[in-house]
Amino acid sequence: MTGPTTLTRERADLLESLRRHRSFLRFTVRGLTDEQALRRPTVSALNLAGLIKHVAATEAEWVRFAEGGAEAMHRNWGPDALTRHWHLAPGETLAGVLADYEAVARHTDDLVATLPDLDAEHALPEAPWFEPGARWSARRVFLHVIAETAQHAGHADILRESIDGQKTMG
């Protein structure tokens, strides 16, 4: 990756924000067993391991978009998407999900640091939640990933506190 002294202020800020919110999310599973990370302590179907798996998959998908547009996303929003993206498959572990997330994060950070043009944009994929014809720049994608990660870190903090009283902050 490009050294910190060669990054523009904007790129350094994006990287710092990504790293901070990822750290909050990872902190919520510190010291948990797989069994604890798979608990659903609220009325929601969310669990900590599945939440981290979802955040990693979402970040990877949006980074593919920044690199090559909607065609590069490999999205599959079929009826089994909830199971695939929010729950661990047989044989998956919290440690494995965290390792996958770390690999995704490294790739994202490298792209933030080296992408030639943060203004490069692509048409968003067709979906009911996107305005028809909308386009996002790479910068907008990275801001979206930061927002998604921060939102889900908050969800994770609630789940962790419900499991054993631990909090990310406070």
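Up top is the structure.
Here goes a summary of the coordinates provided. (Residues numbered from 1 in each chain as written. Predicted model: local features only at pLDDT ≥ 70, side-chain atom pairs only at ≥ 80, totals over all residues. Heavy atoms only, no water.)

### Focus: the overall build of the protein
The test is simple: Where helices and strands are cited, they refer to DSSP runs of H or I of at least four residues and of E of at least two residues respectively, numbered from the N terminus. As defined in this context, the radius of gyration uses C-alpha atoms, and a globule is described by 2.2 Å times the residue total to the power 0.38. Summary of the burial criterion: residues with accessible area below 20% of their type's maximum are buried, those above 50% are exposed, and those between are partly exposed, where the area comes from a 1.4 Å probe applied to protein chains only. By definition, residues are in contact when any of their heavy atoms lie within 4.5 Å. In short, Shrake-Rupley with a 1.4 Å probe defines the accessible areas, and a residue's cover is counted only from the protein chains shown. Counted charges follow a simple rule, with Lys and Arg positive, Asp and Glu negative, and His plus the chain ends left uncounted. A single reference atom marks each charge: NZ on Lys, CZ on Arg, CG on Asp, CD on Glu.
When helices and strands are counted, the protein shows six helices and two strands. By the compact-globule yardstick of 15 Å for 170 residues, the protein fits well, its C-alpha radius of gyration being 17 Å. By the burial criterion, 41% of the 170 residues in the protein qualify as buried. Restricting to contacts in the protein with at least 6 residues of sequence separation, those with at least 24 account for 76%. With an accessible surface of roughly 9,100 Å², the protein has 55% of that area assigned to carbon and sulfur atoms. The average position of the 19 basic charges and that of the 24 acidic charges among the side chains of the protein differ by 4 Å.

### Overview of the packing of aromatic side chains
For the record, the criterion: For Phe, Tyr and Trp, where Trp contributes only its six-membered ring, two rings pair if their centres lie within 6.5 Å, and the inter-plane angle classes them as stacked under 30 degrees, edge-to-face over 60, or tilted in between.
Scanning the model with the defined rule gives five aromatic pairs in all. Centre to centre, the rings of W62 and F130 are 6.0 Å apart; their planes meet at 85°, and the pair counts as edge-to-face. With a gap of 68 residues between them, W62 in helix α3 (residues 48-68) and F130 in the loop between β1 (121-123) and β2 (135-137) connect regions that are remote in the sequence. In this pair, the class of W62 matches that of F130, namely buried. Between the aromatic rings of F130 and W136, the centroid separation amounts to 6.0 Å while the plane-to-plane angle is 70°, which identifies the pairing as edge-to-face.

### Some words on the packing of helix α1 (residues 9-27) against helix α5 (residues 94-114)
Let me state the cut-off plainly: Here the axes come from fitting lines to C-alpha atoms, over the contacting stretch only for helices, and the angles between their N-to-C directions go from 0 to 180 degrees. Here is the rule for angles: anything less than 35 degrees is roughly parallel, anything more than 145 is roughly antiparallel, 65 through 115 is roughly perpendicular, and the remaining ranges are oblique.
Following both chains from N to C, one finds α1 and α5 inclined at 170°, their axes separated by 9 Å at the closest point. By the angle between their axes, α1 is roughly antiparallel relative to α5. Every residue of α5 that contacts α1 at R11, L14, L15, L18, R19, R22, L25 and R26 is listed here: L98, Y101, E102, A105, T108, D109, L111, V112, A113 and T114.

### With respect to the nonpolar core
In plain terms, the rule: The term nonpolar core refers to a set of buried residues drawn from Ala, Val, Leu, Ile, Met, Phe, Trp, Tyr and Cys, joined through side-chain atoms within 4.5 Å.
With 25 residues, the main nonpolar core has W62, F65, L124, W136 and F142 as its most contacted residues. Sorting the residues of this core by element identifies α1, α3, α5 and α6 (138-164) as the ones contributing at least two each. Among the elements that make up this core, the one with the highest residue count is α6 (five residues). Ignoring anything within four residues of it in the chain, the contact list for F65 reads A70, M73, H122, A123, L124, P125, W136 and V141. Membership of the second largest hydrophobic core comes to 19 residues, among which are L32, A56, L94 and A153.

### So, the environment of L98
Within the element layout of this structure, L98 appears in helix α5. Spatially, the C-alpha atoms of L98 and K53 are 7.8 Å apart, while their sequence positions differ by 45 residues. Other than its neighbours up to four places away in sequence, L98 contacts R26, V29 and I52.

### Some words on α5
Note the following rule: What a helix should span is 1.5 Å times the count of its residues minus one.
The end-to-end C-alpha separation of α5 is 30 Å, in line with the 30 Å expected for 21 residues at 1.5 Å each. Looking at α5, one finds that the buried residues are L94, V97, Y101, V104, A105, T108, D109, L111, V112 and A113. The elements touched by buried residues of α5 are α1, α2 (34-37), α3 and α6.

### A look at empty space enclosed by the protein
Note the cut-off: Think of a 1 Å grid over just the protein atoms. A cavity is a set of points where a 1.4 Å probe fits yet cannot get out, a pocket is an open set with protein on both sides within 12 Å along at least five of seven lines, and lining residues have an atom within 4 Å of a point. Grid points are joined across faces, edges and corners, and a volume is the space filled by probe spheres set on the points. Under the convention adopted here, Pro, Cys and the residues Ala, Val, Leu, Ile, Met, Phe, Trp and Tyr are nonpolar, Asp, Glu, Lys and Arg are charged, and Gly plus all remaining residues are polar.
Taken as a whole, this structure holds one cavity of 30 Å³ or more when the rule is applied. By volume, the largest cavity amounts to about 40 Å³. Lining of the largest cavity is provided by V55, T58, E59, W62, H144, V145, E148 and T149. Listing elements by their share of the lining of the largest cavity, those giving two or more residues are α3 and α6. Across the lining of the largest cavity, the residue classes tally to three nonpolar, three polar and two charged.

### What to know about the packing of α1 against α6
A pair of packed helices is captured by two measures, namely the crossing angle of their axes and the spacing between those axes. The cut-off we apply is this: For any pair of crossing helices, the crossing counts as left-handed if the nearer helix is rotated counterclockwise from the farther one by less than a right angle, and right-handed if it is rotated clockwise.
With their axes 8 Å apart at the nearest point, α1 and α6 run at an angle of 20° to one another. With respect to their mutual orientation, α1 and α6 come out roughly parallel. The crossing of α1 and α6 is left-handed. For the pair α1 and α6, the contacting residues are E10, L14, S17, L18, H21, R22, F24, L25 and F27 in the first and R139, F142, L143, V145, I146, T149, A150, H152, A153, A156 and R160 in the second.

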